[in-house]
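A closer look at the structure
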Amino acid sequence: MATPPAPEPRWHWTRFLFILPFIAMFWVSSYNRVEPALFGFPFFYWYQLLWIVLAAAIAGIVYKAEH
Amino acid sequence: MNWPALTVFIALFVFVTGLGFAAARWRAGDLSLLSEWGLGGRRFGTFVTWFLLGGDLYTAYTFIAVPALIYGAGAVGFFAIPYTVIIYPILYLVFPRLWRLAHRNGYVTSSDVVLGRYGNRWLALAVAITSLVATMPYIALQLVGMQVVIGAMGVQGDGLIGDLPLIIAFVILAAFTYTSGLRAPAMIAVVKDVLIYIVVIAVAIWIPYKLGGFAPVFSAVPPAKLLLTPPAADTYGSYSAYATLAMGSALALFLYPHSMTAILSSSSPNAIRRNAALLPAYSLVLGLLALLGFMALALHVGGNPAYADGFKRYGNNFAVPALILETFPGWFAGIAFAAIAIGALVPSAIMSIACANIVSRNLYKGFLRPNATGAEQTAVAKIASLVIKAGALVFIIFVPVPFAIQFQLLGGLWMSQVLPSVILGLYLRMLNGWALLAGWAVGASLGTWMAYTTSFKAAVFTVTVLGTSFPSYIALWALGANIIVSVVLSVLLKPFVAPAAGHAIAAD
């Protein structure tokens, strides 16, 4: 077995932010539309792509807060 | 025959093969140990885990099938994006815990985890068999991706001759997995990703540039395909289908043995957590790739007689290769096709290693030879990895592709039925092994029955409650029933059954 891992990080309240991507993505009616378009992308497409970045940012924020 | 493409393709393939064999010496360990051969010694840091999980989750089949779905069905195919949005919170919150448990007790597979938790070998067997049955068609579908790009370069024929390139590619794959274990796909994944990023960036910049921006790409899409169909008043229609497809796929993803292998091979829980923030870079690539389906519509490749034969052979899966052939010179098409083919090798290798670990640990050691030594387990795993790959190859040569896709659909819903055993057990102590086994059986049967009512064609089943319809992904209905049965039976059985004897509970 390898060396024992570092102790568990502190549990930080920012973990609650992880609820946001779930709410955003499950609320389909909020984004099933064309306008406002961005760079030629209908809202449906750029909004969901944007959430990829936001969810990654949330993971980054939580990680920073816990370490 | 497209010689420029084929030359570049073969050159890249030879390079990757060399890399696969050389990988045995990378951070060399004692390859006669299963945790070395099958988990790379649990030494992969943030960086390698990023490539390994990326190679695992974003496969050749994804690159071909997601744009093909967008090309054929439109907006609904974009569910792959919310799916990739929600997998990473799950990865961050749940899997470091599983890693710790596995690390402390030397577990290699999810079936090991279940056996340790509940001490119920029949439940462990159910988890092992589910994993094997769900993963086999997944490996086979990777070959479909490879088949399509080889065909797109003009290498095609009927009968066994037509399948020869595929057989050669798979023999090579089998050979380097056998010698190098998990180190081989980890190393090759780096090459695959560099190629994929080059191709995607080139395509996502060049095609809109030629067409004059993204607006013409989207305006070429028929209005009915551009958005989801808004549901009528008495149903959640396409909305609940879209959301549950994303959720159900996300829950199943990390239960698949190949994701489990990639997660358990990382060096620390922090490597996993960092990847929850870093892996979404792939999701952006996937999002751009998905839009290739619309670009293929905008360039009318489907109506072009040059590609009629390809579409006839491979259906909508030919949309991306046709788009690449239409837009780029032969040598660049060779790079793109090599990226897809290598993108098939990486997950196929990880999947077959993961299955081999299960055969060795949970079937051979678990049921046939409880006293098997580490070296013996590794020897069995290496042979099993060969048998599994041969099986996938035979499957794809003799079984029609639509059947393989239906099988994979069923695989996904069966796979999610191990969630209560593997994941809920990390949090709830009240669960009983026999109750979980009953829940698994109920979930798998219900899901299979629901799929049967759609003739195994649709992933969505509609349940109507008080006049309102909820069309939802079958795997989630099945999982709901599974969890209810598992929890209720655990409560009912409590007075009659001694507490589970698993050592992991005491240790946790």
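Remember, predicted model here, so these are calculated numbers, not experimental data. (Residues numbered from 1 in each chain as written. Chains lettered and ligands numbered in written order. Predicted model: local features only at pLDDT ≥ 70, side-chain atom pairs only at ≥ 80, totals over all residues.)

1. What about the overall build of chain B?
Regarding its fold elements, chain B presents 24 helices and 2 strands. A compact globule built from 508 residues should have a C-alpha radius of gyration of about 23 Å, and chain B, at 23 Å, falls within 12% of that. Across its three principal axes, chain B shows a C-alpha extent of roughly 70 × 65 × 45 Å. Of the contacts made within chain B by residues no fewer than 6 positions apart, 84% connect residues no fewer than 24 positions apart. (Helix = DSSP H or I, 4+ residues; strand = E, 2+ residues; numbered from the N terminus. Rg over C-alpha atoms; globule rule 2.2 N^0.38 Å. Contact = placed C-beta atoms within 7 Å.)

2. What to know about the overall build of chain A
A tally of regular secondary structure across chain A gives 2 helices and 0 strands. The 67 residues of chain A split such that 28% are buried. In chain A, of all internal contacts separated by at least 6 residues, the share reaching a separation of at least 24 is 62%. (Buried ≥ 20, exposed ≤ 12 C-beta atoms within 10 Å, placed from the backbone.)

3. Re the interface of chain B and chain A
Between chain B and chain A, the contact holds 38 residues from the first and 30 residues from the second. Looking at the side of chain B that touches chain A, the elements with two or more residues in it are α5 (80-105), α10 (214-219), α12 (237-253), α14 (269-278) and α15 (280-298) of chain B. In terms of residues, the side of chain B that touches chain A owes the most to one element, α5(B), which gives 10 residues. Residue classes in the side of chain B that touches chain A are distributed as 26 nonpolar, 8 polar and 4 charged. (Nonpolar A, V, L, I, M, F, W, Y, C, P; charged D, E, K, R; others polar.)

4. Here's the deal with the pairing of strand β1 (residues 460-465) of chain B
Regular strands have side chains that alternate between both faces of the sheet. Examined bridge by bridge, β1(B) and strand β2 (residues 468-473) of chain B share 6 bridges and lie antiparallel to one another. When the sheet's bridge partners are listed, Val465(B) is paired in β2(B) with Thr468(B). (Pairing = 2+ DSSP bridges.)

5. A word on the nonpolar core
The nonpolar side chains of a soluble globular protein tend to be buried, and buried together. Residue and element names in this part refer to chain B. Membership of the largest hydrophobic core comes to 210 residues, with the highest contact counts inside it found for Phe337 and Ile474. By residue number, the principal contributor to this core is helix α18 (residues 330-368), which donates 21 residues. Excluding residues within four positions of it along the chain, Ile474 makes contact with Leu413, Gly447, Met450, Ala451, Ala459, Val460 and Phe461. (Core = buried A, V, L, I, M, F, W, Y, C linked by C-beta atoms within 7 Å.)

6. Side note on unusual backbone geometry
In this model, Glu35(A) is joined to Pro36(A) through a cis peptide bond whose omega is -5°. Looking at the secondary structure, you find Pro36(A) in the loop between α1 (19-26) and α2 (43-66). A positive phi angle, near 55°, is found at His300(B), a position not held by glycine. Following the sequence through the fold, His300(B) ends up in the loop between α15 and α16 (308-314).

7. As for the environment of Asn120(B)
Residue and element names in this part refer to chain B. Examined against the element boundaries, Asn120 turns out to sit in the loop between α6 (110-118) and α7 (121-152). Its 21 C-beta neighbours within 10 Å are what place Asn120 among the buried residues. For the pair formed by Asn120 and Asn432, sequence separation is 312 residues and the distance between their alpha carbons is 9.2 Å. Non-local contacts of Asn120, meaning those with residues more than four positions away in its chain, are made with Gly433, Trp434 and Leu437.

8. Observations regarding α7(B)
All names here are of chain B. Taking 1.5 Å of rise per residue, the 32 residues of α7 would be expected to cover 46 Å, and the 47 Å separating its terminal C-alpha atoms lies within 8% of that figure. Among the 32 residues of α7, 27 are classified as buried, and the element is accordingly described as predominantly covered. Immediately downstream of α7, the backbone of Gly154 shows phi near 90°, a positive value. (Expected span 1.5 Å × (residues − 1).)

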